[in-house]
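Chain and residue survey
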Amino acid sequence: MTSVSLSMLPSQDAVLYKMSAGYVWLYRFFIAFGLSLGGAAVWLLITAPDPFRAGFGVVGTLLFVGVATYWWDAQRRALNQFAVDESGIWRLSPKCSPLFIAWRDVGAVRSDDSMRRLIVSDQSRTHTLWLEYQLDNYPLLHDFVLRHTAPATRFKQTSGSVFHGAWVLKVGMLVCSSPFVAIALAQRGWQAASLCLILIGLCLSVVVRDPLSLTIASDRIVIQYPGWKREIAFGNITSVTTDDTSSAFGNPGYLVVIAVKGQKPLKLYRFREGSLAVFEALQGALYIWGHNT
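Let me sum up the structure you'll find in this document. (Residues numbered from 1 in each chain as written. Predicted model: local features only at pLDDT ≥ 70, side-chain atom pairs only at ≥ 80, totals over all residues. Heavy atoms only, no water.)

Turning our eyes to something else, we now look at the sheet that holds strand β10 (residues 213-216). Strand order in the open sheet formed by 4 strands is β9-β10-β11-β12, with antiparallel pairing between adjacent strands. Both outer strands of the open sheet, β9 (162-164) and β12 (228-233), are each paired with one neighbouring strand and no more. Here the strands of the sheet are splayed against their neighbours by 15 degrees on average, with no regard to which way each runs. For β10 and strand β11 (residues 220-225), the ladder comprises 4 bridges, and the chain directions are antiparallel. Each bridged residue has a counterpart across the sheet, and for Ser213 the counterpart in β11 is Gln224. (Pairing = 2+ DSSP bridges. Helix = DSSP H or I, 4+ residues; strand = E, 2+ residues; numbered from the N terminus. Axes fitted to C-alpha atoms, helices over the stretch in contact; angles between N-to-C directions.)

So, in structure tokens, the structure goes:
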């Protein structure tokens, strides 16, 4: 039995995980919606009487076609199924041969919280499985993978390491605010323009509170936000834990919760390296700091 196979089928004892049909049809709706908005942007480009509207049409066309392409790939991945047993994990695709990776040959396991998936790779990084958080009973699959893979496969960093924030939310909020900018510039009355400015401000307030990076120093953490930063000394941290969270559609996610003396708990998520790496790095840095003080 090979450790990485493109033809091996799951055993009868394997547990199967798949995504509900509702997500597939939701992604297809987003594809159609993106293409329709792209068509509207093309129409605006063709019929635009001035360069400003023409430029808005070009940007809209590229944006919405790109969105439709992203959701097309998402609905393709949503058709994949995964199976696990005591020997390893399978990806079952309707258009490709089954892919099997034995637990002993898993080389890396990391969470990508911005894209909401757990990534499992073999030791050569030739084969990679994306376990989407939207899979039915995903928490059970998540725990099963972590129990059957060695701690050495986790993406680890220690004191002095830097974790990078994802740009998904920031770009999304800027995109959402761009139509209000155009409307505000086109309005002559102050009432409509003021309402647009308020909506723009709400979008930007989300952006400035979404971290750019997290640096773990020898005695503190430094969180860099757009335009400002926050420092928390290790002595003020009472605990570091993980917690579950859910998106608007109910699919699970994971975050790191830092309890700070006299302050509201700080919740960290959407880092490219994932919640697993952030949690273990913080735990390790706090352990070393505690033994040195």
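Looking at the secondary structure, you find Ser275 in helix α6 (residues 275-292). Residue classification places Ser275 among the buried residues on the basis of a relative accessible area of 8%. Along the backbone, Ser275 and Ser111 are 164 residues apart, and their C-alpha atoms lie at a distance of 6.3 Å. Ignoring anything within four residues of it in the chain, the contact list for Ser275 reads Ser111, Asp113, Tyr254, Leu255 and Val256. (Buried < 20%, exposed > 50% of the residue type's maximum accessible area, 1.4 Å probe, protein only. Contact = heavy atoms within 4.5 Å.)

This model, assessed by the stated rule, comprises 9 aromatic pairs. On the basis of an interplanar angle of 55 degrees and a centroid distance of 5.9 Å, the ring pair of Phe29 and Phe30 is categorised as tilted. Taken together, a centroid distance of 6.0 Å and an interplanar angle of 50 degrees make the contact between Trp103 and Phe144 tilted. In this pair, Trp103 sits in the loop between β5 (99-102) and β6 (106-112) while Phe144 sits in helix α3 (residues 138-148), placing the two residues 41 residues apart along the sequence. Like Phe144, Trp103 is buried. By way of ring pairs, the aromatic residues Tyr23, Tyr27, Phe29, Phe30 and Trp71 are connected into one cluster. For Arg28, the ring lying beneath its charged end belongs to Trp25, and the centroid distance is 4.7 Å. In this structure, Arg117 is placed above the aromatic ring of Trp130, and the distance from its NZ or CZ to the ring centre is 4.0 Å. (Phe/Tyr/Trp six-rings, centres within 6.5 Å; stacked < 30°, edge-to-face > 60°. Lys NZ or Arg CZ within 6 Å of the ring centre and 35° of its normal.)

Moving on, we get to the pattern of salt bridges. Throughout the structure, instances matching the rule amount to 7 salt bridges. Between Arg117 and Glu132 there is a salt bridge, with its nearest N and O atoms 3.4 Å apart. With Arg117 in strand β7 (residues 117-122) and Glu132 in strand β8 (residues 128-132), the pair connects residues that are 15 residues apart, well separated along the chain. Of the residues examined, Glu132 reaches a relative accessible area of 6% and is grouped as buried. (Salt bridge = Lys/Arg side-chain N within 4 Å of Asp/Glu carboxyl O.)

Here 3 strands make up an open sheet; going across it, the order is β6-β7-β8 and the pairing antiparallel. For this open sheet the edge positions go to β6 and β8, each flanked by a neighbour on one side alone. Taking each pair of neighbouring strands and ignoring which way they run, the sheet shows an average axis angle of 15 degrees. As paired strands, β7 and β8 are joined by 5 bridges and run antiparallel to one another. Note that in β8 the partner of Val120 across the bridge is Leu129.

Our next topic: α6. Taking 1.5 Å of rise per residue, 18 residues should cover 26 Å, and α6 covers 26 Å from first to last C-alpha, within 8% of that figure. Where α6 is concerned, the buried positions are Ser275, Leu276, Ala277, Val278, Ala281, Leu282, Ala285 and Leu286. (Expected span 1.5 Å × (residues − 1).)

Here Arg125, not a glycine, exhibits a phi torsion of approximately 60 degrees, which is positive. A positive phi is found at Asn137, a non-glycine position, where the angle reads about 60 degrees. Mapped onto the elements of the fold, Asn137 is located in the loop between β8 and α3. The exposure class assigned to Asn137 is exposed, which follows from its relative accessible area of 53%.

Most of β6 sits out of view: 5 of its 7 residues are buried. Pairing analysis gives 6 bridges linking β6 to β7, with the strands arranged antiparallel. Across the sheet, the residue bridging to Asp112 is Arg117, located in β7.

With that out of the way, let us pick up the nonpolar core. Among the nonpolar cores identified, the biggest contains 29 residues, and Ile89, Leu129, Leu131, Tyr138, Leu141 and Val145 are the most heavily contacted of them. Every element with two or more residues in this core is listed here: α1 (21-47), α2 (51-78), β3 (81-84), β5, β6, β7, β8 and α3. The biggest single contributor to this core is α3, with 5 residues. (Core = buried A, V, L, I, M, F, W, Y, C linked by side-chain atoms within 4.5 Å.)

All right, on to the pairing of β11 then. Turn length for the β10-β11 hairpin, with the two strands adjacent in sequence and antiparallel, is 3 residues. Linkage of β11 to β12, two consecutive antiparallel strands, is achieved through a turn of 2 residues, within which Gly227 is found at a positive phi near 90 degrees.

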